[in-house]
Structure formats: C-alpha cells, structure tokens
Amino acid sequence: MLRKRCLTPGGAPLILLVCHLITALDVPLDLQQPPTLTHQSPKDYIVDPRENIVIQCEAKGKPTPSFSWTRNGTHFDIEKDARVTMKPNSGTLLIDITGGKVEAYEGVYQCTARNEHGTAISNNIVIRQSRSPLWSKERVDPILIQEGNSLILECRPPVGLPPPIIFWMDNYFQRLTQSERVSQGLNGDLYFSNVRTEDTRNDYICYARFNHTQTIQQKQPISVKVLSNSPAGERYPTFMIPKGRTSNKLVLRGHVLKLECIAEGLPTPEIHWRKESGELPNKRTFHENFQKTLKIIDVTEADAGLYRCIAKNSLGSIHHIINVTVMASPYWITEPKNLVLAPKETGVLICRANGSPGPSITWLMNGIPIENSPKDLSRKVDGDSIIFSDVQTGSSAVYQCNVSNEFGYLLANAFLNVLAEPPRILTPTNQMYQVITNSRALLDCASFGSPIPKINWFKDDQTSILDGDPYVIHDNGTLEIHVAQKDNNGKYTCIAMNDLGKAENRVQLEVKDPTRIIKQPEYRVVQVAGKVIFECKVKHDPTFTPTIMWLKNNEELPDDERFIVGEDSLTIGEVTEIDKGTYTCVANTSLDKDSASAELTVVDRPDPSTDLELTDERERSIHLTWTPGFDHNSIIQKYIVEYEDGLHEPGVWHYLTEVPGTKTNAHLKLSPHVLYSFRVVSVNEVGRSQPSYPSRQYQTAPAAPDENPSKVEGAGNEPDNLVITWETLTGIQSNGPGLQYKVHWRQKDVDDDWTSVTVANVSKYIVSGTQTFVPYEIKVQALNDLGIAPEPSTVVGYSGEDLPMAAPGNVRVRVENSTLAEVQWEPVSPKSVRGHQKGYKIYYWKERSVFKRSRRHVEKKILTFSGDKTHGKLPGLEPFSLYKLNVRVFNGKGEGPPSPDEQFETPEGVPSAPAFLKILNPMLDSLTLEWGAPSHRNGLLTGYTLKYQPINNTHELGPLVKIIIPANETNWTLKNLNYSTRYKFYFHAQTSKGPGNIITEEAVTIMDEARINQPAVDADKGYSEPPLATSLPMHTLRPTFHKVRPVGPVFGNINTTASEDFANISWEYWGPDMSFYIEYMVEDSKEDWKKEFVNGTQSFFVIKGLMPGTTYKVRVVAKGHSDEPVQSTEEVFKTDPAMASRQVDIATQGWFIGLMCAIALLILVLLIFCFVKRNKGGKYPVKEKEDAHPDPEIQPMKDDDGTFGEYSDTEDHKPLKGSRTPSNGTVKKEDSDDSLVDYGEGGDGQFNEDGSFIGQYSGKKEKETAEGNESSEAPSPVNAMNSFV
C-alpha cells in the first residue's frame, strides 16, 4: 500500500504541499502486528577504546517486542556481564569499558526482536577497536644524490584501523610544497621526478593522522643533500609507479576508483590520461595531484576497461595500461516490503537483488531457515519470491531475505500480517492546503484498512467522483491536481471504503497567486565612491505579506550603514571594491518564494605598472617592459610611455608613445644627447593611473642635428628691413652641445650669392638696409659641436611695407534705388601698393537732404572690401539725399591716398509716419485732429490722407470716410459727427513715391446732456445704457508695425479668472476660422475631460457649475471641418472657497432694504447735480492700443447698406469687448501706455480748461458678468445706481 509523507512544520494544521511519495506500510500501532526493526548499528562498527560501546537495536510491534542478542553465533547472556546493560523498552546494548579492555568485546553481534506474531533479526554487526600504533624505531641515514636524478622518500606508516591520512611537513609544521616535479603518492611516499639543489634540507618528515582516535604520529626526519658536482643529464620519462607496462585494478560498484601514475625524467614529464574503450565520464571524473591521479566517483560497471596513462617530456613519451575490473557486492532491485492481507486474500513478498558475481538468495521465517520452519499450505517459495494464497488468521510471521556473494550481503525483514479491519483515515481532519497557481496540488488521504480500502474524492457538494483530467487519484489515496487554478479552490471530501465499512475526511484547498519579482535588479557597473541602486519590485498574493531579503554572494549583507534596504530597493553608497559581487533579492511568503540576482562590478582607475626594465640598448632605440597593475575590473585600453630629459629639462615629463592595453612592452625610438628616464601610465575607461616609478636612467651619445628649425618666416617691420624668425629646436632636438643657427638670405630673382650669419640662443635675425617690399629667399640651418643638420628648405619672405602711393582711379557711382548704390573703380598697380594688398575702403557720407539746402554734421561711414575687388554696394542710404564718397587702397602698413570725392543723389521714397496725432476738443458732433510732420520725409510731401470710421458697442466697424489734406496743414476739424460715438482714425503722409506708414488713434464724441436720463431702446437689442464719454486728448508717437503671422493655427495667451462656482476663460488665437470648445477637469482626477462649446468665434467663455475651493485644469481647442484639432496649453486655476452662511441674512431684513433705498436715491440726486454742474463731463472708454485694429482697407465692409462689418483686433488679438475704466477711476500703468501722466499733464480725475471732466481711458479687459452681458461703456450715474441694487 502506498503511503504519503509530508513535511508539516511545527505540527501546524496548515500543510505545505512539498511532499514526496515513498513505498512503505505503516500499520497503526494500536493494531496487532509483528516486530519491525526501526534502527540498528552499521555492519562494520569501529569503536573508540576510550569511550563506552553502544550497539543499537530498536523495533516496534504489538505486543511490544522483546529483544535478545547473539555474539559470534552464540547466545549473549547480558545478565551475566555486569558491564553490559540493555536500554528499557529497547534492544540497544550499553557496554561500560571503564577499567576493562575493548578487545574483550570485539566480535560479531546480532539482535533479535520478537513477539507472538513473529521474529525480526538485525544484520551481523562487527565490533572492532580502532588502532593508532606508534611508528617502529628505525635508523634513517642521510641521502646524498646528484642534481637531476629521481628520488623516493618512503613513508611506510604503521597499519591502523581505520588507515591513517598521510602528509609531509617540516620541523615548523609547514606542509612541503608539491608540484609536477615533487608529489606524494597514494601510498604516502614522496616522489621527486628530478631533484634540484633547493631540495636540500634535513627535515623531510612524514606524518600519519588517525582521525578516529584524533592522534598524529610522525616518522623520523629524513635528510637530503643534493650535489651539483656531477649533475644528471636530460633523459626520457620512466614510471616510478606503477611498475611495468601493464597492471590490474579491482574496484567495487559504487566505490571510488583511483588510478595513479608517477614518472621521473628530465625535463619533468607531464601526465595525461585516456580510456582506451570509450570516453571518461565527464561529471564523475577528476584529475588530482597535478594530473598524476585519475579519480572516478560512484563507479558503475560501465567504468570497467583499459586506462592508459602517458608520461611525456621534450625527449619523448612512455605509457602504462591499467586494466580496471568492476565487481559488485549485492544491491537491491526490489527489497521486500511488509505485507498486510485480509483473510482469504493473496499476496507476494519479492526479494530481488543483483551483484557481481551474481548473489545467492536465502529465505528465513522468524530467523529460522524457511525449509526448517513449519509447513504452511498457503505459502509457496519461488526463488526470489514467496507467494501467499488464501491466508488465514494466525499466519502472521516475519520473513528474512538474505542476499550474498563474496563481496558482501544484504539482509531484509518483511512481515506478513493477516488482519480484518474496517477503514480508518490517518490524515488529520479539516486540514488547509495552500498551493501556488499553476503548481501541483496533492491532497492527502492516508488510510488504513484490511482489505485495502478504495478511495474516492468529492468536491464541495458535488455527488460525482473526481476522476480524470485534471484530477488523478493515486494508489495511496492522494488526490493530485496537476496544474492548480483559482477555480480549484474549495472543500474536498475523501471516502475510504472496504467490505467492513467506510470512513471519510474533509480538507480545504486554497490556490494562491504566485510571488513574482516584476522589477528585477540589473547588472551595474559603478566607480569607486559612487552610489548604486538595485530595484526589486514584488507582486504577490494579497493575502500574503512577503518578506524581502537581500543577499550578497548568497550570504547576509555586511553590517554597514552604507547599505540601505528600502521597501523595493537596495542602495549602496560610497561604493568600495569589496562591494563587488552578486546581489540577490529574495521575496519569501509562507508558501513560495522568488529571487533575482544582479552582478555589481566596481571599477576604478588602474594601479600603476611596476617592474620597469630596459633591454636591447642601442644608440637610437631601447626596449621597455613592465608589469601591469591591477585593472580594477575595467580592462586597460592603452599604456602611455613618458620620458624625462635629465640634461635639458629635469623634472618635466613628456609624451613619447603609447601601446595597446594587450601589450606590456614597447620599442622606443630615442634621440641623441638625452639622459632618459621612462615611466608608464595605464588608461582604462575610468581614467588614468598614477605614473609608475621611473625606470633607471639611460643616456644616449651626442650627434649632429637631425632637423632644422620650423616655422621659418621673413617679414619686415620697417620699410628698409627684413625680420627673419624661426621656432628654435628643443633640447632633445639639439642632439648635442653647442647648438647654433646659420641664417641665409638673398634677394629673389636677382643673381646674388647667399648672405649668411651664425647666431645662438635667439629665434630671429634682422637684416637692415633692404629695399621696400622686396621678396627674399630665406633658409635657417641648425648646427652643433658635432656637425650640421641636413640642407634646410627655402622659404620666401618680404622686406617691410610702406603706405600705398596711389589712389584708385575712375571711380563711378550707379544709384540702384532710394537706399542702395553701387560703386566701381579701377585697381591700383601692385607696385604702387608697396606691400601686401589687403583690399579697398569706401568712405561715404550724407551731405544733406535734397529739399534742405542747409548742411548738417557729417558722419562718415566706411565699407571695406577685401582682396582685389573693384566694385561694391552701399546699402542703407537715406532717400532724397545728397551723398559723397571716395575710395582708398590699403595694405598691412595702412591706407593710401583717397580718390577724388564723387557726389550722387538718392531718389525720393515714401515718408515715415507722422510724428504724432492728437485728438483735441471733442464736441457733440465734431473733433479736431492735430499732427506733426514725418521725422523722415524722404521726399517732397504731396499731402496727408485721413481715414476714419465709427465703432459701435458690439465692436463692429462702420463706413470708412477718406479725406485728402494739403501738405502744409498741421490740424483738421471734422464736423457732422455723431454724438457719444467712438471713432477710429488712420492718418499718413505721402510723397510722389506713395503713402508712408500709418498712425492710428481713437476718440469719442461727448454725449448729449439732454439724453442722460433717457434710456436707449433698440428694437433688436432691448434696453442698453448710453455711453458716457471718457476720452482725453491723445497722441501717438509710435510707428505702425506689421507682425509676422505664425504658420498654421496657434493659440496665444490663455487667461483665467475664477470665482466661487464659475470661471472666466479668455484666449488669443491666430489662424483660419474654426469652431472652439473648452475642455476642463479637476486636477489629478481620473475623470475624462468635460467639454463646453463656444458660441461663434468669440474668444472668451464662462464655465459655470464649478465646485468651490477646487483646482481645475482647462484648455481651449480649435476644430475645423476637416483639420486636426489644435489645442492650447493647459492652464490651472482654483475656485474660491465657499463662504459660510450667517445665522441671519441682513440683506433680507426690511429695515436694511429701506435704508439702502434711501441712500441710493440720495446718491442719484447728488450725481445728477454734479454732472450737470461739470458741463457734460464723463469718462470715454478708449481702446488700449492705437494699433488694436488693422488697416481698414483690409476690413470687411458693407458699404452698400451702411451697416457695420465685424470689428476684429488682428494686431494684439485683444477684443474691445468688456473694456472699461475701473470703477475707482484708477488705471494701472500696464493698462495704458498713453496717459496724461506720461506727458506731465496731471493725473486722474482732472478737469479741462472748459470745465469738462477729463478721465483716463483703459483698454484692460474685464471678465464678463455671470449673466453674460457685455458692455464697453464707462460708468454713468445710472450704472453707479445699478451697482447698489
């Protein structure tokens, strides 16, 4: 019957399914059963003579078994020996050897355990005393041997039990160094393939360690003296062990095979192994003792065969064949197991084993050979099996199977127990099993019954038997789920049934999510003193709390504050080299674990190289070698070789050469007459190492110079000299003492001899008395005390320059337009230049404007044209002006004389904008305009053009009126205008070439006092307040600028103003007409964007229904019919917090309402009185910037019916909607650049000379009201009253 054993920590009811199935049968101990041995001492039992002897024998059964012993085949009566006792309820013997001898108790022991149902016997236990005998006394003579000969130092340790461990040491208890030349054999002898003089010593000591008794014995020291007066010569290898050409080796199956070959020879032979009839087993083969020992563990029959060892040196090789035979003591194929049968049942005991040679099998019953046992018709012995049929109660017994051959034996006990028992469940009830998803689940249902019960499983309340995929019911009752899933959770019931009854048990299964590291640590390379972070993020079942543990090289992290373990990371600060290694993150739960590892490599600059050595010394070269320093885990990329010149520049190191990081030597080219020292710098990815210690010095012999000075040049600094310069040779280039320079020169293209002079310690020489700017051939040659350098190359230089003597001729001017002219001239002859021609310069200046005859301050301008150009253009000229110019040539010395002045005029151009435009004396139906002439007329003015048009309250433009004004006028009065109406004026001057830049202004006519208290009613728009004039006399000094439009649609500034539950959004937009919508959402929320569509093309919107005290994100989107949407940037705003309600709302009290009505009526009367007294005073809203509207000629107009077109602010994209003066009468500076304060004419709230109130307009945009009403009117008395209601 198959049983299942599980590991249950601490006996807890929770069972972790880390179980394995074993073949066994455990009959519950409350049932009748024969004895079963549970523990016994080993067959070969070596005891320590200093300790008591314990021979173990334990058994179970019902009734409880009794025990007896035999020694050497006869009954051992423990009652007669006072030193021997048996443990209670046990067969274990305790032998007290105090004061006695162990030898008296050596022998072969066997234990017998019996009860009324049968008898079990133990193995034969051989008791032997361990022995560690002393070394026999012997005389050890000194050994004298010639160098090169072979030598064997014999150990011959005493025979002990068990055999000792042999090793060689000196007098200082230091192990002797072994190598391919000197090594210890398996027999303990020390073998020298050949001796050397350093092998001379007098303390070769062989030690034997007896582990069982923990003692060490030593042999007398051996003295060896190696002589060198007649050394042995080289020779072929020969084997010192084993002898001959072949040998045999017997090894038992499962044991360790060791084959040994030690050879002598000079040079020292190398040993190699191979198997003649097959390959050596890779995972079980090891080479030891410098390849001299071949070890194969866990030997099998396949390891038998011929093994060849080969000894080889430079002179030749020899070999030895070892024939390995593998035999086997008996080993089990099928070991007999306990058998439980019900009456009338049938069963078999099988005892099957193998061995080499083949073992014999003997059966016993209750310790007696079966042939001598009582006959039993229900039993039949058939070789390795006993067959039981139709068994009866009372047939119970213990059967022994003895399998043996010449190399050993096996003994097994197995009982037959005849029982009739109903089923019982042995597994604890209501156990909780937990497994990981996709793993195997094993639900235990251990049972016992006779006959063997049949096991069925059910899940939850199901009535069908669980069988088939994914369920498997094993013979031992275990229910297996191959791949557990979440739907396998639940309660399971197992039912055991036989003819005598049934039993059931319930267990529960929970399938958990696996623990997984989803963010694993990654390989890191970090520099010393840096910081590294390993991440480890874990996903796990929510019912578990995993523990995260970090390991370094599979051990705990160092106790160092630099290691900081976070929730999902490991941080190492100030990294050092000892921190390198493998770091592992382990995530543990009570059910599973996961781990992930990463390597940390710590890099640093290399250590300096060492052992610099100079070899192959020659006059002009030397060979440098070195030993590289530690690379600190970053491969050395190159080595830089530097040198110091101790003669010329001591203490200064220079670069010489570099070699790849794979080389550790360099062939260096040297110069004569240098005292060299060399050093090496290693370079890896991290950086450069410290320089190595310098090599020894090496001085080269002097020689004549190899090279001449470089950068030889000739150029005079005066008209009558020639300065020759050169770059001097360095000390290492001089090649010897007495360095000088021989300077040669002669005039080029003249048949003259070379003139020369020798100088020293200088880098220039001046030749005087030369002609001006004449070419010379020059060369400079180096020489020293040992000779001259090779012939130098010749360079050409020039004597000194002088100022040019002539001016360019035939200067001509061609005017291309009002701002550009081209100048042409004839070049100056090279002879007249008297130097290197650098180019030409044009000096030009404006004499005066053509229409002005008075001269002005002349500011000359210069344009330079390099080289030999003979023409150039003058840009940036002023139109309608008289200019003069001249041209000059220049060289390295300076400029030559100017050409005669040439005069030319530029044609007319268009004028600049008028200097200013003011609006004076606004009346009910008239306005006066005053202006200043353009600062740059650029021609004769032919007149001025004035255009104007009205602007209504909805910012639409009215019909455009055009007036031509004579050039001599500086003001103009417009009449028949509408009262209380805003107008926009466009004004420019013009010449015959066309109109100039436009200046704009806006103004409002004053309102009719008789209509102040009469509400305006429009059939379409309903009630609206008449505007109150707020315009001041204004003028504009700035010119008109034309902005470059962006390509494609784009948004400008997005402005937001928030209240408690709504927000005003406004924006700027450039691009084609599109529909707009607003998207907004609560910041940091996961909700989708809310969308609000904008009516028409307006550039503002009110978002209503917002939550007080909440932060929102908003953006504006433009969308055409087919274009992709264009989004603005996202803006963030926060609504005001909700105001707390008061207990009593005073605004609802009757007395308060009456008081407010009285105050409002009084204020209305006072305001009307003041406005009448101030003679139609008021504030006129004016646009913030004069360029808010573009040229009216490009505005859509409806001239045919006199209606207003759409008014669009295309310059600043800030509509006039909502523009108003603040109620307190103040204007911030940024609101308007054109206030009276700026011109020193007073502040806000001043009165004009005629007594009318003059306010300051403001173009600042205000947000629309909550009701959506918009107005461009300034506050009126009625508006003021409305503000109180």
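> Residues and numbers for the overall build of the chain, please.
A tally of regular secondary structure across the chain gives 4 helices and 101 strands. Among the 1285 residues that make up the chain, the fraction classed as buried is 43%. Within the chain, counting contacts between residues at least 6 apart in sequence, those at least 24 apart form 66% of the total. Of the accessible surface of the chain, which amounts to about 67200 Å², a share of 50% is contributed by carbon and sulfur atoms.

> Quick one: what's the story with the state of the cysteines, residue by residue and with numbers?
One pass over the full model with this rule turns up 6 disulfides. Residue C155 pairs covalently with C206 via a disulfide, S to S 1.9 Å. Linking C155 and C206, the disulfide has an S-S dihedral of approximately -70 degrees and is accordingly described as left-handed. In this pair, C155 sits in the loop between strand 16 (151–153) and strand 17 (165–169) while C206 sits in strand 20 (residues 201–210), placing the two residues 51 residues apart along the sequence.

> Which residues make up the environment of E1002, and what values do they have?
Structurally, E1002 can be placed in strand 89 (residues 999–1004). Overall, the relative accessible area of 1% leaves E1002 in the buried class. Side chain to side chain, E1002 and R982 meet in a polar contact 3.3 Å long.

> Give me the nonpolar core: which residues, what numbers.
Counting residues in hydrophobic clusters, the biggest one holds 29 residues, and the most contacted among them are I53, I55, W69, I95 and Y109. If you list the elements that add at least two residues to this core, you get strand 6 (53–55), strand 7 (57–62), strand 8 (66–71), strand 11 (93–95), strand 12 (107–115) and strand 14 (125–129). For this core, the leading source of residues is strand 12, giving 3 residues. With sequence-adjacent residues up to four places away left out, I55 is seen in contact with S41, Y45, W69, G91, T92, L93, I95, Y109, I125 and I127.

> Report on unusual backbone geometry, specifying residues and quantitative values.
Omega for the bond connecting I241 with P242 falls within 30 degrees of zero, at -5 degrees, which places this linkage in the cis form. With respect to the helices and strands, the residue P242 is situated in the loop between strand 23 (235–241) and strand 24 (246–252). The residue N430 is not glycine, and still its phi comes out positive at about 55 degrees. In this structure N430 comes out as exposed when scored by relative accessible area, which is 61%. A positive phi angle is found at F773, which is not glycine, with a value near 50 degrees. With respect to the helices and strands, F773 occurs in the loop between strand 71 (764–768) and strand 72 (775–784). Looking at F773, the relative accessible area reads 18%, which means it is buried.

> Give a detailed account of the sheet that holds strand 60 (residues 610–615), specifying residues and quantitative values.
Where strands meet in a sheet, backbone hydrogen bonds hold them as pairs that are either parallel or antiparallel. With respect to topology, 3 strands assemble into an open sheet ordered 60-61-64, the strand pairing being antiparallel. Single-partner strands in this sheet number two, and they are strand 60 and strand 64 (665–669). Averaged over all pairs of adjacent strands, the angle between their axes in this sheet comes to 25 degrees, without regard to strand direction.

> Residues and numbers for the pairing of strand 38 (residues 385–388), please.
Of the strand pairs in this sheet, strand 33 (residues 347–350) and strand 38 are connected by 4 bridges, and their pairing is antiparallel. Its bridge partner being in strand 38, I350 is matched across the sheet by S385. Hairpin connection from strand 37 (residues 379–382) to strand 38: 2 residues lie between these consecutive antiparallel strands, with G383 at a positive phi of about 65 degrees.

> Provide a residue-level description of the confidence of the model for the chain, including the pertinent values.
Per-chain confidence: the chain averages 83 in pLDDT, with 84% of residues scoring 70 or above. Confidence drops under pLDDT 50 across residues 1–24; counting only partners more than four residues distant or on other chains, this segment forms 58 contacts. Counting interchain partners and residues more than four positions distant, the pLDDT-below-50 stretch residues 1009–1048 has 98 contacts.

> Describe in detail the sheet that holds strand 32 (residues 339–341), supporting the description with residues and values.
Judged by pairing direction, the sheet is mixed, and its 5 strands sit side by side in the order 32-40-39-35-36 without closing on themselves. Two strands in the sheet have a free side with no partner beyond their single neighbour: strand 32 and strand 36 (368–369).

> Lay out a nonpolar patch on the surface with the relevant residues and their values.
A contiguous nonpolar surface patch, about 390 Å² in accessible area, is contributed by W1151, L1155, M1156 and I1159. As for its position among the elements, W1151 is in helix 3 (residues 1150–1173).

Cut-offs and rules
- Residues numbered from 1 in each chain as written.
- Predicted model: local features only at pLDDT ≥ 70, side-chain atom pairs only at ≥ 80, totals over all residues.
- Heavy atoms only, no water.
- Helix = DSSP H or I, 4+ residues; strand = E, 2+ residues; numbered from the N terminus.
- Buried < 20%, exposed > 50% of the residue type's maximum accessible area, 1.4 Å probe, protein only.
- Contact = heavy atoms within 4.5 Å.
- Areas by Shrake-Rupley, 256 points an atom, 1.4 Å probe, with all protein chains shown as cover.
- Disulfide = S-S within 2.5 Å.
- Polar contact = N/O pair within 3.5 Å; in protein donor to acceptor, adjacent residues only side chain to side chain.
- Core = buried A, V, L, I, M, F, W, Y, C linked by side-chain atoms within 4.5 Å.
- Pairing = 2+ DSSP bridges.
- Axes fitted to C-alpha atoms, helices over the stretch in contact; angles between N-to-C directions.
- pLDDT = per-residue confidence, 0-100.
- Patch = residues over 30% accessible without salt bridge, like charges linked within 9 Å, V, L, I, M, F, W, Y side chains within 5 Å.
- Salt bridge = Lys/Arg side-chain N within 4 Å of Asp/Glu carboxyl O.

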